[in-house]
Each structure stands twice: as C-alpha cells, then as structure tokens.
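Single-letter residue listing:
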Amino acid sequence: MSTHPLRAGVIGAGAIGQQGHIPGFQAAGVEIAAVCDSNFARAQEVAHKFNIPKAFADYRQLLAQPEIEVVSVGLPNALHASVTIDALNAGKHVLCEKPMTTSGAWAEAMIAAAKKNGRLLSVNQHMRFDRTARAMRDIVASGCLGRVYLAESKWIRQQGIPGFGSWFTNKDLAGGGALYDIGVHLLDLILHLLDFPEVVAVKGFLSGELGKQKIGLGGWGADRFTDGRFDVDDTAFAVLTLKDGAQIRLLVTWAAFGPPEDRVTLYGTQGGLDRSNFFSDSPSLKRYWAHEGRIVADEPDLSPYPNERAWIQAVDAFIKAVRGEAPLVVLPEQALQVVRILEAIAASAASGREVVLT
Ligand SMILES: NC(=O)c1ccc[n+]([C@@H]2O[C@H](COP(=O)([O-])OP(=O)(O)OC[C@H]3O[C@@H](n4cnc5c(N)ncnc54)[C@H](O)[C@@H]3O)[C@@H](O)[C@H]2O)c1
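Note that the structure is a prediction, hence the values are computed from the model and not measured.

Read from one edge to the other, the open sheet built from nine strands follows the order S14-S13-S12-S11-S7-S10-S9-S8-S15, with strand pairing classed as mixed. The sheet terminates laterally at strand S14 (294-298) and strand S15 (355-356), the two strands that pair on one side only. Alignment of strand S12 (residues 271-276) against strand S13 (residues 284-291), held across six bridges, turns out to be antiparallel. Pairing of leucine 273 across the sheet is with arginine 287, part of S13. The sheet strands contacting helix H6 (residues 131-142) are strand S11 (261-268), S12 and S13, and the helix crosses S12 at an angle near 170 degrees. Set on the sheet, helix H11 (residues 332-351) makes contact with strand S8 (199-207), strand S9 (235-242), strand S10 (247-253) and S15; between it and S8 the angle comes to about 55 degrees.

Take a look at the structure:
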C-alpha cells in the first residue's frame, strides 16, 4: 500500500482545467503537483490561485516529473490524442477530456498506448455521473421499461457558440462544432443508459449557418474572438439504427432560432423515461408505465444517488479506479465507439447518405 498521496498534473489550465479537473482532484484527495498551459501566464496564474507548486508551458516538462502519477488533459480536441499518448508512454494514468479525440484511428492509438504501458485511460463523460443519469441507468437495467425501441435526445442552445474564433470553432482543432462539443455528451449518455448496444447505421445532418453570421455567440470558452474562423457545425442531427432495429435520435445546437431545450426520452415496450431541464435549477425526471391499459407517470426517487456535481464525481470515479478501489466507469473502448459514431455522422452529413458501420 502506497504511503504518499496520489499526485496529479493538470494539462490545460483553461475553463475545464480550472472548473472541473482541479476541483475534482482536490475533492478526491489528490495532490496537484503541477499545471501546464501553453499560455504560460495562465498556467502561472492558475498555479498561484490553486496553490499548485509547479507551472509549465510545455506539457513534456510536466510529464518528466516523476512524482506525478495521473494527469488530466483539458486541451483543444485535436491535441487530446498526441498528448495522451505521450502521457501514457511517460507512465501516467490519463483522464482525457471529451471528445476522446477527433478520429477513430487516433482513439485506437490511445488505447494501444494505455495497454502497452499498463496504465488507465478514461474520458471525462461526466454526464453519466449526474444523479438523474444514475437513476435512469438503474431503471433501464432493472428491465422495467421492456425493450427500448426509441431514444430521443435534444440539447438546444439558443445562444451558446463557445469561444467564437477560438479553437472551438476551428475544424482542424476541434474536429467539429456542436456535434463534437455537446453531441458527444448526449451520445455517450444514451449509449451508456442502453449499455452500449451495437450501432449498425448512421444518418447525419450538419449545419453551420448561424455561426457564419456570428449569430448565437455566448457561453463557454477561455479564448474568444481571436481570428474569427468558424468552419464547424452549430447544428447536428442524427439518426442511429441499433442492431435490434431500435433507433437513437439526436439533435444538438449551439445556436438556433428556437427555444432552448434539453431532453432525453427513452421509449420502451413496457415503460418510458423522460429527463428534461437538466441544465436548470429544477431538472425533471419522469417514469411512465401502463396501469390497466392507461399510461401513468411518477417521479423516481433520486435520494439514493449522490447530489455532488457530476464533474467532481467523474474525476472521483477515475481516481477510485487508479487507486484500485473500483472498476473504471468510462471505458476507453466505449469512448472509441462514440468517436466512430461522431465520425460516421459527419461522413453521412457530407455525403448525404447513410453510413453503415461494420
Ligand atoms: N466535460 C465537459 O463538460 C467539458 C466542458 C468544457 C470543455 N470540455 C473539454 O475540455 C477541453 C478544453 O476545453 P476548455 O473549455 O477548457 O478550453 P479552453 O480554451 O478554456 O482551455 C484550453 C487550454 O488549453 C491551452 N492549450 C492549448 N494548446 C496547448 C498546448 N499545446 N499545451 C498546453 N496547453 C495548451 C490553452 O491555452 C487553454 O488555456 C476540450 O476538449 C473540451 O471539449 C469538457
């Protein structure tokens, strides 16, 4: 049994580094030994703010610190794979941000590096850890919904194009827009709720009409209004067909001429589940079933599930796996499946044809 506390390095001192990784490590009792950001002033500022002893501009310097056993990667999406692979090769366990990376080939290389080095790799799909998501998963697993034949999910931001002109809206650095940024969350969540069924075909549609006009900017992003490049989608729609014929429908927008909405609905042969207003102060979860031929509903009891912020729980779950206290929750192979589907949605949108996955 190790006598010293686990020590972490935080790569990327931007929004998620500061709001998710650092508080998550601290809450899990992990000592943060170093922070890195190519914007060195930001790295130093964050080190000072959170009392972190070392700050670096180059992540390789952080990886060279022998006392660091785990790292988080909170960088622009296109950098996830190379930095994660370097970290695994340096013997660190890695919690990488979502999306895992921007291509299936990169995701496979990340998994191979984790295996080769015998280190844990996970992806911060924190939405799985929210209490409503935990309740939904348990309800689905209980079998009381019967066979889920349709899952519908929506995340409509009216005014939420993050970091306009930053890496977020640059296809080379982000891989995609709303699809890769928030579509990835809903996709992972639904696949997790359904226990990662096989997806056999994908039809996708992407649009970036509002972003091009600089309509709907707002929300997240540390670096804004840099070069003004916007060549990603602000709207993504997809229909996924599962092996048993069931369908998953996904609609996400960063910006839209319509009311903001978020909703995940599962329709089963024996019952249904509907979660909405997840991002408000009063999220709603309803369960539906049949009583004497009529559809009735109630609100599942959430009290058995922790009410801690999902970001904190996600980091905690990863650390528990590193410490050998619990199995890893977000498996890299699952994240690979999600990346392959994101790629298929983009390919289908570009060709106008359904993509069949083998
Ligand atoms: N899980 C979530 O809910 C969630 C929420 C927000 C962001 N994210 C993910 O986190 C990642 C970062 O997003 P963010 O919102 O924190 O972005 P951000 O722009 O706020 O921060 C990114 C940081 O990376 C730094 N950086 C860029 N290139 C670097 C390099 N080569 N070496 C070191 N530092 C470098 C930038 O200077 C910046 O400080 C993205 O993958 C995003 O999808 C996840």
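Moving on to the packing of helix H1 (residues 15-27) against helix H10 (residues 310-322). With their axes 8 Å apart at the nearest point, H1 and H10 run at an angle of 50 degrees to one another. Of the possible angle classes, the one that applies to H1 and H10 is oblique. In the packing of H1 onto H10, the handedness of the crossing is right-handed. Across from Ile16, Gln19, Gly20, Pro23, Gly24, Phe25 and Ala27 in H1, the residues of H10 making contact are Trp311, Ile312, Val315 and Ile319. Residues of the contact of H1 with H10, tallied by class, amount to eight nonpolar, three polar and no charged.

Moving on, we get to the pattern of salt bridges. Under the criterion given, the structure shown has 20 salt bridges. In this structure, the salt-bridge partner of glutamate 333 is lysine 115, at a minimum N-O distance of 3.9 Å. Separated by 218 residues along the polypeptide, glutamate 333 in helix H11 and lysine 115 in helix H5 (residues 104-117) bring together distant segments of the chain. Note on glutamate 333: relative accessible area 39%, which makes it partly exposed. The exposure class assigned to lysine 115 is exposed, which follows from its relative accessible area of 61%. Here glutamate 209 and lysine 212 are joined by a salt bridge, their closest N and O atoms 3.5 Å apart. Note that glutamate 209 and lysine 212 are positioned in helix H9 (residues 209-212) at a spacing of three residues, about one turn of the helix.

Another point: helix H2 (residues 40-49). Buried residues of H2: Arg42, Ala43, Val46 and Ala47, and no others. Along H2, the residues classed as buried sweep out an arc of 135 degrees about the axis, all on the same side. H2 presents Glu45, His48 and Lys49 as exposed residues on the side facing more than 90 degrees away from its buried surface. Residues of H2 that are buried make contact with H1, strand S2 (31-36) and strand S3 (54-56).

Each value, and the rule that gives it
Per-chain numbering applies: the sequence of each chain, read as written, is numbered from 1 onward. Only residues with pLDDT of at least 70 are given local features in this predicted model, and only at 80 or more are side-chain atom pairs given and counted; all residues enter the totals for whole chains, interfaces and linings. Values reported for side chains reflect all heavy atoms of the structure, with hydrogen atoms and water molecules removed beforehand. Strands qualify as paired when DSSP identifies two bridges or more between them. The numbering of helices and of strands both runs from the N terminus, where a helix is a DSSP run of H or I of at least 4 residues and a strand a run of E of at least 2. Whether two residues touch is decided by their heavy atoms; if any such pair falls within 4.5 Å, the residues are in contact. Axis geometry follows a simple rule: fit a line to the C-alpha atoms, using only the stretch in contact for helices, then measure angles between N-to-C directions, giving values from 0 to 180 degrees. In what follows, roughly perpendicular refers to angles from 65 to 115 degrees, roughly parallel to angles under 35, roughly antiparallel to angles over 145, and oblique to any angle outside these ranges. What makes a crossing left-handed is the near helix being turned counterclockwise from the far one by less than a right angle; a clockwise turn instead makes it right-handed. Classification used: nonpolar for Ala, Val, Leu, Ile, Met, Phe, Trp, Tyr, Cys and Pro, charged for Asp, Glu, Lys and Arg, polar for all others including Gly. Definition used for salt bridges: Asp or Glu carboxyl oxygen within 4 Å of a side-chain nitrogen of Lys or Arg. We call a residue buried when its accessible area falls under 20% of the maximum for its residue type, exposed when it is over 50%, and partly exposed in between, using a 1.4 Å probe and counting protein chains only. This arc corresponds to the set of directions leading from the helix axis out to the C-beta atoms.

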